[in-house]
Amino acid sequence: MDLTLNTDQRDLRSGLRAYLADAWDADRLRAAAAAPGFDRDSWRAIAELGVFSLTLPGDRGGMDLGLADAVIVFEELGRTLVPGPLVATFLAAALVPGAAEGQTVVTCLDRRDPYLVIEHPHAADQVVTADDEGLFVQPVSALSVEPAAMPLDPLTPVGSVPRHAERGRRIGTAADADRWRRTGAILTAALQVGIGQCALDLAVRYAKERVQFARPIGSFQAVKHLLADALVRVDLARAAVLVAALTADDPISGDPDEAAATAKLLADDAATTNARTGVQVHGGMGFTWEVLAHLYVKRAWVLETAFGTADQYAEHLAATL
């Protein structure tokens, strides 16, 4: 299995990275965290780049690409902490009218979760519910949502939904719900890889700039080891996510569920551990709101619980041994 990006994939990554670096710079992230809201113009701009229609066929306005291309895009979205229900809207692009074009914002919930929580309840138009019987959709306004007064990630507002809530109109089978969960886990893992990589990049930059005892702290062996370990974690996770995406595109090459579980497990560890490492390398500055390190920690913790937890995937992998 060749994990080397081709020319088109590298161009796709560099083009999106350049756009996001300008659209979601550090100042805008700080402002969004201080005054949470949802910018529909920015959401539609992302959709116009083809983010949500990447894997749709050309006759439906899509780019007819594979999931391997999508995870490259989602890693970049994770790097810049783009807010919004990105994964749910991507998954709904083929099922919910307007999702691919950014006109309809879609969030989701899974009835297998111990607590029913949806992201961005005030911004989303539709909610897709996955359960053991299939996929269902309904307007968010049809649900009784209790918003969290102080969400863990200020860029990811959430709300709880009663267990007895209606599911809405059926749009998929039980098999579709399984694919929804698996693909969602892979895309969330790609976001986590982006978080882990950018947390490392911020830490490396600071380690080169911060001087102690007349030397950059990056020259100290203890800091070098922290950053080297972080690099290994994120590179391993990136490879696992690409393998999971390629396996999902071509199941003959392996077990898609096992590959997705491995990717989510490794990516969650890379994001959460690298984000904490970033705070540690920044020292006292890392605990301030001025530094973006705290936003990477919080987003990593939120995504760690999305589309399955580390414990669930570890148990799944253990059962295959």
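Conventions and cut-offs
Residues numbered from 1 in each chain as written. Predicted model: local features only at pLDDT ≥ 70, side-chain atom pairs only at ≥ 80, totals over all residues. Heavy atoms only, no water. Pairing = 2+ DSSP bridges. Helix = DSSP H or I, 4+ residues; strand = E, 2+ residues; numbered from the N terminus. Phe/Tyr/Trp six-rings, centres within 6.5 Å; stacked < 30°, edge-to-face > 60°. Buried < 20%, exposed > 50% of the residue type's maximum accessible area, 1.4 Å probe, protein only. Polar contact = N/O pair within 3.5 Å; in protein donor to acceptor, adjacent residues only side chain to side chain. Contact = heavy atoms within 4.5 Å.

Draft legend 1. Region of interest: the sheet that holds strand β2 (residues 117-119). The 3 strands are arranged β2-β6-β5 in an open sheet whose pairing can be described as antiparallel. Every interior strand has two partners, whereas the edge strands, β2 and β5 (146-147), have only one. Relative to strand β6 (residues 158-160), β5 runs antiparallel, the two sharing 2 bridges. Residue pairing in the sheet places E146 in a bridge with S160 of β6.

Draft legend 2. Up close: the packing of aromatic side chains. Under the criterion given, the structure shown has 3 aromatic pairs. Residues W43 and F52 carry aromatic rings whose centres are separated by 5.0 Å and whose planes lie at 35° to one another, so their mutual orientation is tilted. W43 gets classed as buried once you look at its relative accessible area, which sits at 2%. Look at F74 and F90: their rings are 5.4 Å apart centre to centre, the planes differ by 85°, and that puts the pair in the edge-to-face class. Note that F74 is positioned in helix α4 (residues 67-79) and F90 in helix α5 (residues 86-92), a separation of 16 residues in sequence. For F74, a relative accessible area of 0% puts it in the buried group. Three or more aromatic residues link up through ring pairs in this structure, and these residues are F38, W43 and F52.

Draft legend 3. Just the side chain of E75, in detail. By the secondary structure assignment, E75 is in helix α4. For E75, a relative accessible area of 11% puts it in the buried group. Among the polar contacts listed, one links the side chain of E75 to the side chain of R238, at a separation of 2.8 Å. With residues near it in sequence (within four places) discarded, E75 still touches A190, V193, G194 and R238.

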